[in-house]
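# A look at the structure
One letter stands for each residue in the lines below.
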Amino acid sequence: MVVSPRRYHITTFGCQMNKADSERMAGILDDMGFEWVEDPYTADVVLYNTCTIRDNAEQKVYSYLGRQAKRKHEQPNLTLIVAGCVAQQEGESLLRRVPELDLVMGPQHANRLQDLLEQVFSGNQVVATEPVHIMEDITKPRRDSQVTAWVNVIYGCNERCTYCVVPNVRGVEQSRTPEAIRAEMVQLGQQGFKEVTLLGQNIDAYGRDLPGATAEGRHLHTLTDLLYFVHDVAGVERLRFATSHPRYFTERLIRACAELPKVCEHFHIPFQSGDNEVLKAMSRGYTQEKYRRIIDTVRRYMPDAAISADAIVGFPGETEAQFENTLKLVEDIGFDQLNTAAYSPRPGTPAALWDNQLSEAVKSDRLQRLNHLVAVKAAERSQRYAGRVEEVLVEERNPKNPAQVMGRTRGNRLTFFEGDIAALKGQIVPVRITEVRAFSLTGERLEAAVTA
Ligand code: SAH
Ligand code: SF4
Ligand code: F3S
């Protein structure tokens, strides 16, 4: 009799860090002989990799869990796992809330999934949330894309922004060694990946926790050094990195980006607020003037650079005038893209306890006003692409129009054009931009240069 393999499903919430963790956990499950299935309600092993950055992100998880918990009563063989940041934040109390769970595991335990599952299969309910040294990756991640890949360079965050749960749930900074990062990239290059995004919650902190310093006392390993160290990896044509912190974003780094041809002219540097008082209350460690100087420097070296960022509206105590300073910064800088959010009080963070919280009505009104401005400015920024020829790295077929493929420019603008995905996937092709929208472009492929 042929026994069909057990099937697993992973749903991922939250940021790129979680997506990268999910790809590694999927790799482990593949290795263990499980088979991926798209539908979470037909899987035998269901893993939710969760996010707790805002309350609505967390609530989403509970509604999915409710349905799966019910299913488990009819299908006792179902294995239910909560991984990621809600798991870390809630720990054991998640088991009280959803007793049907088999495994609750924090982000630092992602690489230990096999171990933990074996404990589950021998009959235990397991909680793994203690801080650990993150093991070097031993399995091959199951990557979503065959063209672009994430590579973690630093885990955790040592900042203490007063609104943010990340340091509580991701732990202290742990850098991977330059050698381990390069080895992963060499493999990616050999497997045909064309673009690598180096990942860290505060990527500018890379290397601070690694041993070694130069004669001048500078850390031996910085993000800048890392870029030089991995830049020549064969096959990898494009490099990006995220997320940058304005407090540590140096001119040395900017110069390296300008100098190194594979590093794309796209920078994600969250500013959070355009008001100095609010920035101070957030403990961000810079002023809006300093932020503007960073962007000026980036643009001095790379005039066409695309700039994206994150911002929060309705932080406790934010006045209308302070909010207008955020609008002013957005107006002046002209972001290519901006992720915006209404402040959400998070358990275990200082700002959640302050008594100057704003009403939901004020927050959502400000969010709407900011989003409107963001769309106007992004559309303005898109105008510069009209008629230009851009290098597009083709990733996928356009799901909404099978005659088209889609990919990204070096500046990270999503771009569509007519073409055959089988022939173009993973190619970098010149595309003349014929239509511009706020957050995407349409163009036509330039005929390939005459071959000899
Ligand atoms: N490490 C990055 C971002 C981490 S979280 C940085 O330092 O910028 C991603 C984004 O979520 C943040 O940039 C912030 O804009 C938003 N965010 C974090 N905590 C939040 C909260 N309590 N309420 C609303 N937005 C929040
Ligand atoms: Fe959160 Fe601040 Fe760390 Fe970013 S730098 S993850 S906002 S604490
Ligand atoms: Fe969310 Fe955790 Fe990322 S809280 S934003 S998944 S670090």
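Residues numbered from 1 in each chain as written. Chains lettered and ligands numbered in written order. Predicted model: local features only at pLDDT ≥ 70, side-chain atom pairs only at ≥ 80, totals over all residues. Heavy atoms only, no water.

Another point: the site of ligand 1. Lining the immediate surroundings of ligand 1 are 15 residues, of which Y163, Q201, Q272, D310 and S344 lie closest. At 2.7 Å, a side-chain N or O of Q272 approaches an oxygen atom of ligand 1. In the environment of ligand 1, an oxygen atom lies 3.2 Å from a nitrogen or oxygen atom belonging to the side chain of R284. Burial of ligand 1 by the surrounding chains reaches 89%, relative to a free accessible area of 540 Å². Every element with two or more residues in the shell around ligand 1 is listed here: strand 13 (306-313) and strand 14 (337-342). Of the residues assigned to the shell around ligand 1, the class counts are seven nonpolar, four polar and four charged. (Near = heavy atom within 4 Å. Polar contact = N/O pair within 3.5 Å; in protein donor to acceptor, adjacent residues only side chain to side chain. Areas by Shrake-Rupley, 256 points an atom, 1.4 Å probe, with all protein chains shown as cover. Helix = DSSP H or I, 4+ residues; strand = E, 2+ residues; numbered from the N terminus. Nonpolar A, V, L, I, M, F, W, Y, C, P; charged D, E, K, R; others polar.)

With that settled, the discussion passes to the site of ligand 2. All residues in the neighbourhood of ligand 2 are listed as C157, E159, C161, Y163, C164, V166, P167, Q201, H245 and R284. Residue composition of the shell around ligand 2, grouped by class: six nonpolar, two polar and two charged.

Most of strand 13 is tucked away: seven of the eight residues are buried. Two strands pair when backbone bridges link them, and strand 12 (residues 266-268) and strand 13 are joined in this way by three bridges, in the parallel orientation. Counted as the bridge partner of F267 is I307 from strand 13. Pairing analysis gives six bridges linking strand 13 to strand 14, with the strands arranged parallel. Paired with V313 across the two strands is A342, which belongs to strand 14. Considered for its hand, the β-α-β crossover made up of strand 13, helix 12 (residues 320-333) and strand 14 is right-handed. (Buried < 20%, exposed > 50% of the residue type's maximum accessible area, 1.4 Å probe, protein only. Pairing = 2+ DSSP bridges. Right-handed = clockwise from strand over helix to strand, strands pointing away.)

Around the barrel, which closes on itself, the five strands sit in the order 15-16-17-19-18 with mixed pairing between neighbours. Across the sheet, the mean angle separating the axes of adjacent strands is 55° when strand polarity is ignored. In this structure, strand 15 (residues 389-398) lies alongside strand 18 (residues 428-436), joined through five bridges in antiparallel fashion. If you follow L393 over to strand 18, its bridge partner there is I428. (Axes fitted to C-alpha atoms, helices over the stretch in contact; angles between N-to-C directions.)

Contact geometry of helix 9 (residues 251-259) with helix 11 (residues 288-301) gives a least axis separation of 9 Å together with a crossing angle of 25°. When the axis of helix 9 is compared with that of helix 11, the two are roughly parallel. Relative to helix 11, the crossing made by helix 9 is right-handed. Seen from helix 9, the contacting residues are E251, I254, R255 and A258; seen from helix 11, they are I294, T297, V298, R300 and Y301. (Parallel < 35°, antiparallel > 145°, perpendicular 65-115°, else oblique. Left-handed = near helix turned anticlockwise from the far one by under 90°. Contact = heavy atoms within 4.5 Å.)

Looking now at empty space enclosed by the protein. Think of a ball as big as a water molecule: rolled over the atoms, this probe shows where empty space is left. In the structure shown here, the tally under the stated rule is two cavities of 30 Å³ or more. As for the largest cavity, its lining consists of A20, E23, R24, D137, P141, R143, W150, N152, Y155, R176 and E184. Looking at the lining of the largest cavity, the elements that each hand over two or more residues are helix 1 (16-31) and strand 7 (148-152). Per-element accounting of the lining of the largest cavity gives the leading share, three residues, to helix 1. Among the residues forming the lining of the largest cavity, the class breakdown is four nonpolar, one polar and six charged. Approximately 40 Å³ is the volume found for the second largest cavity. D21, P107, Q108, I134, Y155, G156 and R170 together form the lining of the second largest cavity. Its residues assigned to classes, the lining of the second largest cavity shows three nonpolar, two polar and two charged. Both domains that meet at the lining of the second largest cavity, namely domain 1 (7-128) and domain 2 (148-383), each give it at least three residues. (1 Å grid on protein atoms, 1.4 Å probe; cavity = no way out; pocket = protein on both sides within 12 Å on 5 of 7 lines; lining within 4 Å. Points joined across faces, edges and corners; volume = space filled by probe spheres on them. Domains from an automatic or database assignment.)

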